[in-house]
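Structure at a glance
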Amino acid sequence: MRITFSRPGSFLKPSNRRPFLLAVILCAAALVAGGCDKVVGPFEVLPPLEPSTLEPTAGSWRMIVLTGPSQIAVAVPAPVTSAAYTAELDAIKSSQANLTSTQQQAIAYWSGGSVMRWNQILRELVARYNLPPAPRDEGGYPVPDVENPFGDPAFPFANPVYAARAYSYVSAAQYDALKSAWYWKFQYNRLSPAKNDNAITALMPVSGLPSYPSEDAVISGVTVEMLKTLFPAAVEEVTLKAAEQRNAALWSGKATASDLAAGLALGKSVATVFLARAAADGMRTAGGSAVLWQALADSATTRGEIAWISRDIPARPPMLPLFGQVRAWMMTPADIVAERPPPPPSTSSQQMKDETAEVKRTVEHLTSVQLAVAQKWNDGAGTYSPPGHWNDVALEYVRDAKMSEVRAARVFALLNMAMHDAGVGCWEAKYHYFNPRPSQVDPGIKTQIGIPNFPSYTSGHSTFSTAAAAILSYLFPSGATSFAAMRDEAGISRLYGGIHYRSDIEAGKLHGARIAGYTLSFARSDGAP
Amino acid sequence: MLLRTIGTVAVLALGASSAAAQTIDDGLMMPRGTLSAGVLYTHDSWDQYWEGTLKRKNGNIGTLTQQSLTWIGGYGVTDRLSLMAAVPYVWTHASQGVLHDLSGIQDLTFAAKYRLLATAPAKHGTFSAFAVGTAALPVGDYTPDFFPLSIGTGGGRASGRLTLSFQSTSAWFVNASSAYTWCSNVRLNRNAYYTDGQLYLTNEVAMPNVLEHTVSAGVNRGRWRIPLSLVQQRTLGGGDIRRQDMPFVSNRMDFTKLGSGVMYALAKNLSIQVSAAHVLSGRNVGQSTIFTSGLVYAHHL
């Protein structure tokens with residue numbers, strides 16, 4: 001027997017036979033590879049923002065934390081006829097004469113609208129920091145340390161409720177800062193440099209909105225100060241981004257140096273007020289202690305229920321068990337308790353057995369459509385979280401409505417305050433009842449997505465999503481049908497994933513709707529037309 | 001096999017008559033008119049993996065096992081040109097934690113292997129060179145968004161391979177083979193993902209291309225073929241798995257793997273093979289130990 005790979009007669013002689021089939025295969029291969037454009041996209045495209053209205057009354061819209069629009073004073077600007085102002089205009093002209101392509105790209109980027117841009121950046125930060133600590137080799141888990149944010153684990157662990165709070169603080173602070181800016185803008189009525197000097201080209205859409213203090217600088221100042229506290233390890237990049245934003249406003253003929261300086265100072269001052277609130281809102285102690293964790297379990301056991309146990313290996317301490325006591329935006333602590341959902345079905349009840357069986361049946365016979373829904377709304381570790389998903393949804397509506405910066409800020413503030421309150425309410429219920437996940441009750445249940453490390457009842461996704469859909473439906477009535485469909489999909493996705501019972505989802509939706517009612521009451525009476 | 005499989009075709013073996021098996025990266029050809037078919041069973045498991053460059057265990061995975069049953073077929077169009085195809089059924093299982101098993105039909109691979117040249121038999125042996133073109137497309141409806149349990153990447157691939165082979169008159173052989181694989185973009189069921197230090201606001205994932213080098217040597221005599229091989233895969237892009245994150249479809253997956261096996265012709269038309277391989281080092285892959293066994297039947301038309 002001989003191997004068959006070499007035969008006399010074909011040595012070094014070019015084949016006369018055209019390797020036709022090889023060519024066919026290579027062509028097929030090229031077709032497969034032809035789809036290999038490595039550039040992915042499109043991302044969220046933001047065309048140059050040309051607001052449909054200037055919102056001249058925004059300075060009188062109701063504040064969230066500030067006592068009023070003039071709580072932080074903005075000094076009278078120099079007259080446009082002054083030498084100082086003329087020198088500022090000359091500086092813009094000289095910048096415009098020598099714009100590099102990097103500077104032009106910065107102008108194009110920020111012309112998309114700075115509230116929306118910072119929302120994208122915030123979602124990226126959440127996705128980056130939304131990772132739980134890795135277990136120690138010797139057992140147990142380290143705790144993210146605000147004093148060592150660059151370490152392992154990094155600080156923060158931007159889990160769903162940390163994220164909800166972060167989105168809400170940034171959005172609410174931006175909103176109050178912009179209302180104050182609008183107040184001063186229409187007090188002083190100093191137009192933009194491109195309007196004051198026709199030798200300056202408007203490289204971004206420049207409206208008749210007064211430019212002192214600069215809204216870009218206000219947003220950059222307030223946002224960076226909030227982010228430095230919420231995501232301290234990102235200080236370098238957010239500081240650079242903010243400086244780029246202010247420069248882009250200057251280079252584009254939208255604001256002068258003094259417009260920017262006044263805006264930056266206002267933004268930073270507003271942030272100080274919000275950070276003082278954040279420092280005392282209960283977040284620092286929301287992790288609880290080993291004594292508390294045991295007390296939660298004992299409380300459930302005493303009621304005759306099966307207490308929740310972490311499904312992580314090794315078992316991980318419960319995620320922020322005292323987040324339910326963190327200060328809400330529109331609800332008092334008494335409101336939070338009053339709105340708590342009724343108890344879940346007893347862990348020993350027939351209903352619980354039936355619902356557990358439903359979860360098992362669902363994951364074992366999952367269709368590809370159901371899997372797609374579970375994955376679409378998974379928003380688990382490493383992602384921008386469920387609140388981030390709803391910011392993603394909202395952004396397109398904000399963009400398409402061509403909203404002014406202050407009105408865009410209102411949308412994100414209302415949305416994120418409602419979701420923060422939903423997070424607080426949901427966590428209060430989760431740790432009050434301390435109910436086990438389906439895969440704890442029946443270890444035969446395997447999940448199609450990662451399992452969150454906190455009790456089951458109620459579903460956070462359902463609570464967040466119902467609150468978000470209610471706010472967005474109020475703000476964008478034309479999208480109400482779509483928001484409702486997304487809300488329902490987000491809720492049921494947790495059953496498809498095998499991590500929630502149906503009653504978790506239903507109770508979470510009712511709870512989320514009640515919680516959204518508080519923010520809706522505010523929105524209906526905040527003076528915004 | 002690994003956190004992500006780069007085409008089962010890499011180990012695709014096609015029997016021919018006598019002791020000669022044929023794979024896409026060896027120095028063998030099926031004779032003209034030979035039709036072959038067979039099945040391969042592969043058992044691949046690991047309990048440690050590299051999270052980026054950090055080697056670790058994970059209590060939520062335990063031991064990850066991926067098994068596959070692959071149908072393979074081939075046809076010798078001429079003595080210089082063979083066509084090959086393979087399609088595996090794959091199932092994965094984590095021994096610990098709550099994550100669900102996945103299983104299904106993975107990707108259909110076609111390959112054409114063409115012998116570019118072969119020298120005249122000389123005193124010491126014969127030198128030959130081969131070009132191989134491969135195309136692979138998913139045929140099953142599986143998810144690429146559940147690694148390490150996903151059974152494949154869910155994307156198309158095309159690769160070009162060049163192999164140099166020397167077969168001595170005294171039965172030993174040595175091969176060197178390199179392949180470049182283009183990978184098409186992959187679509188997820190979600191509209192945002194974070195990888196390689198960036199948030200992507202799209203459902204489309206750019207997949208890095210892959211370079212693979214194999215050197216093998218062994219004995220090819222009578223009914224026996226006994227190769228020893230070293231495979232190195234380098235992924236030309238992609239991000240590392242972040243600390244305590246799940247793996248992602250486009251991670252940079254590199255490894256060096258040492259393997260050996262035996263192919264034996266049971267009869268004129270029937271051969272069996274068993275082989276084992278172990279990942280020596282890697283990045284964003286599991287430290288797999290892989291066992292393969294197979295049976296191939298060849299028919300001369």
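Residues numbered from 1 in each chain as written. Chains lettered and ligands numbered in written order. Predicted model: local features only at pLDDT ≥ 70, side-chain atom pairs only at ≥ 80, totals over all residues. Heavy atoms only, no water.

1. Here's the deal with the overall build of chain A
Under the convention used in this document: In this text, helices come from DSSP runs of H or I with a minimum length of four residues, and strands from runs of E with a minimum of two, each type numbered from the N-terminal end. For each residue, the accessible area found with a 1.4 Å probe, counting protein chains only, is set against the maximum for its type, and the residue is called buried under 20%, exposed over 50%, and partly exposed in between. Contacts were defined at the residue level, with two residues in contact if any of their heavy atoms lie within 4.5 Å. In this tally Asp and Glu are treated as negative and Lys and Arg as positive; neither His nor the chain ends contributes. A single reference atom marks each charge: NZ on Lys, CZ on Arg, CG on Asp, CD on Glu.
In terms of helices and strands, chain A carries 19 helices and 0 strands. Dimensions of chain A along its principal axes, counting C-alpha atoms only, are 95 × 90 × 50 Å. Looking at chain A as a whole, 58% of its 529 residues qualify as buried. Residue pairs in contact within chain A that sit at least 24 positions apart in sequence constitute 85% of those at least 6 positions apart. With 46 positive and 44 negative side-chain charges, chain A shows a separation of 6 Å between the mean positions of the two kinds.

2. Some words on the domain arrangement of chain A
Residues and elements named next belong to chain A. Our working definition: These domain limits were set by an automatic method or by a database of domain assignments. Buried area: the accessible surface (1.4 Å probe) lost by two parts on joining, summed over both. Just to be clear on terms, a salt bridge is a Lys or Arg side-chain nitrogen sitting within 4 Å of an Asp or Glu carboxyl oxygen. Polar contacts here mean pairs of N or O atoms no more than 3.5 Å apart (in protein, one a potential hydrogen donor and the other a potential acceptor; neighbouring residues in sequence count only if both atoms are side-chain atoms). Think of it as three bins: nonpolar holds Ala, Val, Leu, Ile, Met, Phe, Trp, Tyr, Cys and Pro, charged holds Asp, Glu, Lys and Arg, and polar takes everything else, Gly as well.
We note that the domain assignment places domain 1 (58-279) and domain 2 (298-524) within chain A. One C-alpha centre belongs to domain 1, the other to domain 2; they are set 31 Å apart. Facing 42 residues of domain 1, the contacting portion of domain 2 comprises 45 residues. When the two sides are added together, the surface that domain 1 and domain 2 hide from each other amounts to roughly 3500 Å², 72% of it contributed by carbon and sulfur. Considering only the side of domain 1, the residues that lose the most area to domain 2 are Tyr141, Val161 and Arg277, jointly responsible for 19% of the buried surface there. Summed over the shared surface of domain 1 and domain 2, the result is 1 salt bridge. Residue Asp392 pairs with Arg123 through a salt bridge whose shortest N-O separation is 3.8 Å. Taken together, the links from domain 1 to domain 2 amount to 12 residue pairs in polar contact (both at pLDDT 80 or more). Looking at the side of domain 1 that touches domain 2, the elements with two or more residues in it are helix 4 (114-129), helix 5 (160-188), helix 7 (215-230) and helix 9 (257-279). Examining the composition of the side of domain 1 that touches domain 2, we find that 15 residues originate from one element, helix 5, more than from any other. Per-class residue counts for the side of domain 1 that touches domain 2 are 27 nonpolar, 9 polar and 6 charged.

3. What to know about the pairing of strand 9 (residues 107-118) of chain B
Residue and element names in this part refer to chain B. For clarity, the cut-off: Strand pairing is assigned whenever DSSP detects at least two bridges linking the two strands.
Of the strand pairs in this sheet, strand 7 (residues 81-94) and strand 9 are connected by 6 bridges, and their pairing is antiparallel. If you follow Ala86 over to strand 9, its bridge partner there is Thr109. Sheet analysis places strand 9 next to strand 10 (residues 125-138), joined by 11 bridges and oriented antiparallel. Along strand 10, the bridge assignment pairs Lys113 with Val132. The loop that links strand 9 with its antiparallel partner strand 10 comprises 6 residues.

4. Remarks on helix 8 (residues 235-251) of chain A
All names here are of chain A. Here is the rule: Here the expected span of a helix is defined as 1.5 Å times the quantity of residues minus one.
The end-to-end C-alpha distance of helix 8, which contains 17 residues, comes to 24 Å, matching closely the 24 Å that a straight helix rising 1.5 Å per residue would cover. Its buried side turned inward, helix 8 meets helix 2 (83-97), helix 3 (101-110), helix 4, helix 7 and helix 9. The first or second residue beyond helix 8 is Gly253, which carries a positive phi of 80°.

5. Notes on helix 4 of chain A
With 16 residues, helix 4 of chain A ought to run about 22 Å at 1.5 Å a step, and its terminal C-alpha atoms sit 22 Å apart, in line with that. Of all 16 residues in helix 4 of chain A, 16 are buried, a share of seventy percent or more.

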